[in-house]
Amino acid sequence: MLPKSKKKLVLVNQEKNVHPKDKANSLSHFFFWWQIPLVIKNWRNQVKEDEYVVVAREHESKKLGDQVEKFWNEEQISGKRASLTKALFKSFGTEFILCGLIYFPFDMAATVLQPLYLGKLLNYFTVNETPVTKEQAYFYGFMIIVSILIRVLSFQHFILATFSIGLKVRTACSSLIYRKLLSLKKATIQKATLGMNVALKTDHRIRIMNDIVAGIRAVKMYTWESSFANLINVVRKSELKYVAQSNSIQNTNFTLVSYMHKLSVYVFILAVVLSGSLLTPHKVFLSINIYDLLRQTLQYTSAGISQMSEIKTSILRIQEFLLLDANQKSKKTIRLESEPKIPQRVLLKNVDAKWDLSLASTALTDVNFELNVGEIVSIIGSAGSGKSTLLQVILKELSVISGTLYTKGSISYTSQEPWIFPATIRQNIIFSEEPNETKYHKVIKACALERDISLFSYGDNTLVGERGVMLSGGQKARVNLARAIYKDADIYLLDDPLSAVDKSVANYIFTKCFLEYLQGKSVVLVTHQIQFLRNMDKIYILEEGKVASCGKYDELEILMGQSVQKYERRRLDVDEEKFLETGHLEFEIKEDSGNSNINRYKTNMYYMLKQGITVIGACVVLVGVNYWIIIPTIILQLLFYLHLLAFHAALNHFKRISSTSRSPIFTHVSTSIQGLTTIKALKVEQQSLSKFDDYQNVYNSVEYIQRALYFAYAYWVDFTCCLYSTAVIFYQLILVQDPLVGNVGLSITQSLVLLGCAQYALKFYGELDSQMTSVERVVEYADLTPEDNKGDFVPAPSWPSQGSIILDSVSMQYSVDKPYVLKGINLDIKSGEKVGIIGRTGSGKSSLISTIFRLYEFEGTIIVDNVDIKSVPLEVLSSRISVIPQDPVFFLGTLRKNLDPFDEFDDQQLWSCLEDVNLKLLVTSLPLGLESQVLEGGANFSVGQRQMLCLSTIRRRFKNSTVLTIAHRLDSVMDSDKIVVMDAGVVVEFGTREELLQNPHGYFYKYVNNA
């Protein structure tokens, strides 16, 4: 299955549990009683998080998704342009209109009755007006209270009902989007991601920050911190201009809303005086009441118009996404069959394919390929030759514009870039298949995972984290492979699964997994490791998207050597001639693998103060008119406090659960996009959709409870205000002798002001409190201890002029509670030496490089050209050392911006860099050249091309420099001056190749012998 949320919030069996909303009767719904037990349980700390993770029947994600999908499909086949608005209206329009029709008469009655009977009541206290009896006055006072109750009950029910409809629409649209996502091809997703980002004008600063965080290791190694900080500041200043403009508009709107009511009353009074009519308290207070009701109506109308505009924009964007590939058809007739009557498992005849149909160039041209039952076939070629593209064609992830493609049988697939989702190792391997212990242990043994799993504290139940951050590159590759192997399929498409593991492990996997475990299966293996090609039934050599040659090993040996050598030159030129500059250290780290919360805080602060001051002011005026009102006023304040005390804790509790339950939805979608090809290849779309629906149901359940609690809270606060108004009105009728009509009107209108204002003030206070969590997080980040940069010695600009490195008793751990990953390392590397570093996955190779960059605190001493690197400022140290990162790092933007983020070089220099790594022709072929857009993670380039592009970012050549190369393949380091062999964080061997090969019991000797 796909990833589970970090919190153990899972949908419980609905046959045993029922959502509190579905258990409540009509009377409980009408008076908001069903929420009270939740408040009491929370008060007693008896609320269990999983107790209410059961979705209400009307909010079930699958049901809502099916409903909207039905109407959306009808729109698509109607012959006209499909309209998502129409589909949503057919699904929820009747319910929405009915909700409005039911609420309208109640709201109209409350709006008309209140000023009508207020005027009649004031007549009772006005001299020389139409006589009103005591009984009639009581009746008018009673009707005012009734109008208040009508508004209190109807308004909260209406808002809760419209929220419920909105929740359904959101759930249905999310489900529809996810279903569409699962049906799209990888190329379309990549284009859509970029297009939507541009179209939606995504916050540029946030996108940059996401890129920086994702590539923070490279940022620090390249000493880009200050440059990126300046870039963020520039973008933030630009952003603040728009924020200031928005604030000005909001403040103007707030001011107009606040004073329009008072200005309207003033104009009315002025008009009465100028017309010569008699101005009476009756007219004044009646106008105040009427204009206050109009103010509320206009305020909601204005907000509704603004939100409708946003809704329209959102729906059009969703519709644009849903219509992707809707009318995209090939101009030629192509046969795509899944179960043809042919002997082959896979057959391609004269296939031309494109990633992007809008481009003239093809990704594959006139390709012929066949895979027979039980064959193991290899595909080789240089970076960007079309190897992975050919697999994508077989998986039908690419648009075939001509030719014929047949596949026969089920397919399993392992991607070149390991897809690891946030779950346990075991869950990543078994995925959607049925658990089988015997089979499972055979698979992890065949994929050489037994030793790695045994080293984890929790074994295969270890959580791997987001994108498998807890695993090394080789471990991720083998877990990714194990998932593909665990699935029982007819065809296995394996995209370069051995490039991230060392030679001995690669040999083991090839023998135990590919030749033995998959014996009798049809296997396509993309690889660059020529030693395995002798065992292939057939070999395809690809060049520039074409099949250059096809045959057995003996027939193609010379051509294979040339192809692999071309690939190796592109990857290993760095050891021979690329990027030379005397006096600098060069490190090549290779795996050979080829502001919203703050704005809401500000708004809520404003409204809380505004509404709070209004409530306090109204109470002060009431007490000032008649000091006996202080008694019910004190009672009112106590009741407010009790409401806040009771509901606030419950609201915060369920809001926290709601926030927690939202995160897995986004994680699941992000993970699904990353592994979309694997999900489709393994035919687990339905399981993935089911998991998505489960996550949505969990969120819908707690989100509805949280909102229902708030509206119950608002209802009871307003009901309390209604009782207070009742006390004020009947106090004037019963206890006050001959009151002044002005005092009566002032008392009643001010008591009515409390309605709405009180519950909004308390609401914003509650939200302000919960949103302070965001502020606390900012403070926590600000208070984090910065990295140790105590070095104050700045060496000469020529340092390091020799490049000698001495490591003396160096030990390192990633944090104080973690085990040591380096243990007492002692090395003496001479000036200009080329040193290869080898070892099993997790042996500490990359950690060794991290210490030289001081990415982590370490014990011991590292001396570079007689200077202790701990004494050198970090920015100086990193600027004097160059690095090619283990994982290619790309930022959203143009290719030019990725090669030269801060415009330090001209185009001629960039083209020279690209020519050095044999990518000039590729970039020249792009429509926009250096200005071509780079998708997230560089997804529109192959893995090999991405590595070469990262290599081109280092302009210096280093023929005479000291070079440390981390590699899994022995041929990458065999020509090194010395070789370091690491195991479990310790240097177990160090010396020349000849010296190490003299020890038949040594690690290096065994590596070479196994290779």
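Just so it is clear, the structure is predicted and the values come from calculations on it, not from any experiment. (Residues numbered from 1 in each chain as written. Predicted model: local features only at pLDDT ≥ 70, side-chain atom pairs only at ≥ 80, totals over all residues. Heavy atoms only, no water.)

Got a minute to help me understand the overall build of the protein in this structure?
Looking only at helices and strands, the protein features 31 helices and 22 strands. When the accessible surface of the protein is split by element, carbon and sulfur atoms take 57% of a total near 47400 Å². (Helix = DSSP H or I, 4+ residues; strand = E, 2+ residues; numbered from the N terminus. Areas by Shrake-Rupley, 256 points an atom, 1.4 Å probe, with all protein chains shown as cover.)

It is not clear to me how helix α22 (residues 685-734) should be interpreted in this structure. Could you clarify?
It helps to recall that an α-helix has 3.6 residues per turn; residues three or four apart then point in one direction. Here α22 is 50 residues long and its end C-alpha atoms lie 72 Å apart, about the 74 Å a rise of 1.5 Å per residue gives. With 38 of 50 residues buried, α22 is to be regarded as a mostly interior element. (Expected span 1.5 Å × (residues − 1). Buried < 20%, exposed > 50% of the residue type's maximum accessible area, 1.4 Å probe, protein only.)

Any chance you could explain the pattern of salt bridges here in plain terms?
A side chain of one charge can pair with a side chain of the opposite charge when the charged atoms of the two come close. By the definition in use, this model includes 25 salt bridges. Where salt bridges share partners, they join Lys21, Glu58, Glu95 and Lys168 into one cluster. (Salt bridge = Lys/Arg side-chain N within 4 Å of Asp/Glu carboxyl O.)

How do you make sense of the packing of aromatic side chains when you look at a structure like this?
We describe a pair of aromatic rings using the distance from one ring centre to the other and the angle between the two ring planes. Taken as a whole and assessed by the stated rule, the structure comprises 25 aromatic pairs. Here the aromatic rings of Tyr117 and Tyr140 are separated by 5.8 Å at their centres, their planes lie at 40 degrees, and the arrangement is tilted. Of this pair, Tyr117 sits in helix α5 (residues 84-125) while Tyr140 sits in helix α6 (residues 134-183); the two residues are 23 residues apart in sequence, bridging distant segments of the chain. A relative accessible area of 13% places Tyr117 in the buried class. When the centroid spacing of 5.6 Å and the interplanar angle of 35 degrees are considered together, the rings of Phe421 and Phe431 count as tilted. With Phe421 in the loop between β6 (411-414) and α13 (425-430) and Phe431 in the loop between α13 and α14 (437-446), the pair connects residues that are 10 residues apart, well separated along the chain. Accessibility expressed as a relative area gives 7% for Phe431, which makes it buried. Joined through ring pairs, the aromatic side chains of Phe32, Tyr715, Trp716 and Phe719 make up one cluster. One Lys or Arg, Arg426, reaches over the ring of Tyr440 and ends 4.5 Å from the middle of that ring. Across from the ring centre of Phe858, 4.5 Å away, lies the NZ or CZ of Lys870, which sits over that ring. (Phe/Tyr/Trp six-rings, centres within 6.5 Å; stacked < 30°, edge-to-face > 60°. Lys NZ or Arg CZ within 6 Å of the ring centre and 35° of its normal.)

So what exactly am I meant to see when it comes to the sheet that holds strand β16 (residues 867-868) here?
The strands that make up a sheet are held in pairs by hydrogen bonds between backbone atoms, and each pair lies either parallel or antiparallel. The strand order β13-β12-β15-β16 describes an open sheet built from 4 strands, whose pairing is antiparallel. Because the sheet does not close on itself, it has two edges, and the strands there are β13 (820-829) and β16. Sheet topology places strand β12 (residues 805-813) next to β13; 6 bridges connect them, and they run antiparallel. When the sheet's bridge partners are listed, Met812 is paired in β13 with Leu822. The strands touched by helix α24 (residues 845-852) are β12, β13 and β15 (858-864); relative to β13, the strand with the most contacts, the crossing angle is about 70 degrees. (Pairing = 2+ DSSP bridges. Contact = heavy atoms within 4.5 Å. Axes fitted to C-alpha atoms, helices over the stretch in contact; angles between N-to-C directions.)

Got a minute to help me understand α24 in this structure?
By the criterion of burial, α24 is predominantly enclosed, with 8 of the 8 residues buried. Lys845, Ser846, Ser847, Leu848, Ile849, Ser850, Thr851 and Ile852 are the residues of α24 that are buried. Note on α24: the residue one or two positions beyond its end, Arg854, has a positive phi of about 55 degrees.

Help me understand a nonpolar patch on the surface, please; the structure alone is not making it clear to me.
A cluster of nonpolar residues, Trp43, Tyr627, Trp628, Ile630, Ile631, Ile634, Ile635, Leu638, Leu639, Tyr641, Leu642 and Leu645, forms a patch on the protein surface that exposes about 1300 Å² of accessible area. With 9 residues, helix α20 (residues 630-674) is the single largest residue contributor to the nonpolar patch. Structurally, the position occupied by Leu642 is in helix α20. (Patch = residues over 30% accessible without salt bridge, like charges linked within 9 Å, V, L, I, M, F, W, Y side chains within 5 Å.)

Quick question: what am I supposed to make of the side chain of Gln529 here?
Looking at the secondary structure, you find Gln529 in the loop between β8 (522-526) and β9 (538-543). Overall, Gln529 belongs to the buried group, its relative accessible area being 4%.

Whenever I open this one, the confidence of the model for the protein confuses me. Can you help?
Predicted coordinates in areas of low pLDDT are best not read in detail. Per-residue confidence for the protein gives a mean pLDDT of 80; residues scoring 70 or more make up 86%. Residue range residues 197-201 is modelled with pLDDT below 50. Its contacts to residues more than four positions away, or to other chains, number 7 contacts. Confidence drops under a pLDDT of 50 for residues 567-594, and excluding neighbours within four residues, the segment shows 125 contacts in the predicted structure. (pLDDT = per-residue confidence, 0-100.)

Explanation requested: the pairing of β8 in the structure shown.
For a regular strand, the rule is simple: side chains alternate between the two faces of the sheet. Across the 5 residues of β8, 5 count as buried, placing the element largely inside the fold. Where burial is concerned, the two faces of β8 agree: the one with Ser522, Val524 and Val526 and the one with Val523 and Leu525 are both buried. In this sheet, β8 lies alongside strand β4 (residues 376-381) in parallel orientation, the contact comprising 4 bridges. Each residue of the ladder has a partner; that of Val377, found in β8, is Val524.

Where do I start with the pairing of β6 in this structure?
By the alternation rule, side chains of β6 split into Ile411 and Tyr413 and Ser412 and Thr414, which are all buried. The pairing of β6 with strand β7 (residues 491-495) spans 4 bridges and is classified as parallel. Bridge assignment links Tyr413 to a residue of β7, and that residue is Leu493.

For this particular structure, what's the right way to read the packing of α14 against helix α17 (residues 503-517)?
Two packed helices can be described by the angle between their axes and the distance between those axes. At a minimum axis distance of 8 Å, the contact between α14 and α17 shows a crossing angle of 140 degrees. When the axis of α14 is compared with that of α17, the two are oblique. For the pair α14 and α17, the contacting residues are Lys439, Lys442, Val443, Lys445 and Ala446 in the first and Tyr508, Ile509, Lys512, Cys513 and Tyr517 in the second. When grouped by side-chain class, the residues that make up the contact of α14 with α17 number 6 nonpolar, no polar and 4 charged. (Parallel < 35°, antiparallel > 145°, perpendicular 65-115°, else oblique. Nonpolar A, V, L, I, M, F, W, Y, C, P; charged D, E, K, R; others polar.)

Explain the packing of α6 against α22 here, please?
Look at α6 against α22: their axes get within 10 Å of each other, and the N-to-C directions meet at 170 degrees. It follows from the interaxial angle that α6 and α22 lie roughly antiparallel. Partitioning the contact of α6 with α22 into residue classes produces 29 nonpolar, 11 polar and 8 charged.

What is the right way to look at the sheet that holds β9 in this model?
Spatially, the 6 strands line up as an open sheet ordered β6-β7-β8-β4-β9-β10, and their pairing is mixed. Because the sheet does not close on itself, it has two edges, and the strands there are β6 and β10 (546-551). Looking at each pair of strands side by side, their axes are set apart by 15 degrees on average, direction ignored. Examined bridge by bridge, β9 and β10 share 5 bridges and lie antiparallel to one another. Paired with Leu542 across the strands is Val547, a residue of β10.

Is there a simple way to explain the environment of Asp66 in this structure?
Here Asp66 shows up in helix α4 (residues 61-76). For the pair formed by Asp66 and Leu176, sequence separation is 110 residues and the distance between their alpha carbons is 8.4 Å.

Sorry, what's going on with the environment of Leu899 here?
On the secondary structure map, Leu899 appears in helix α26 (residues 895-899). Along the sequence, Leu899 and Leu949 sit 50 residues apart, while their C-alpha atoms lie 7.4 Å from each other.

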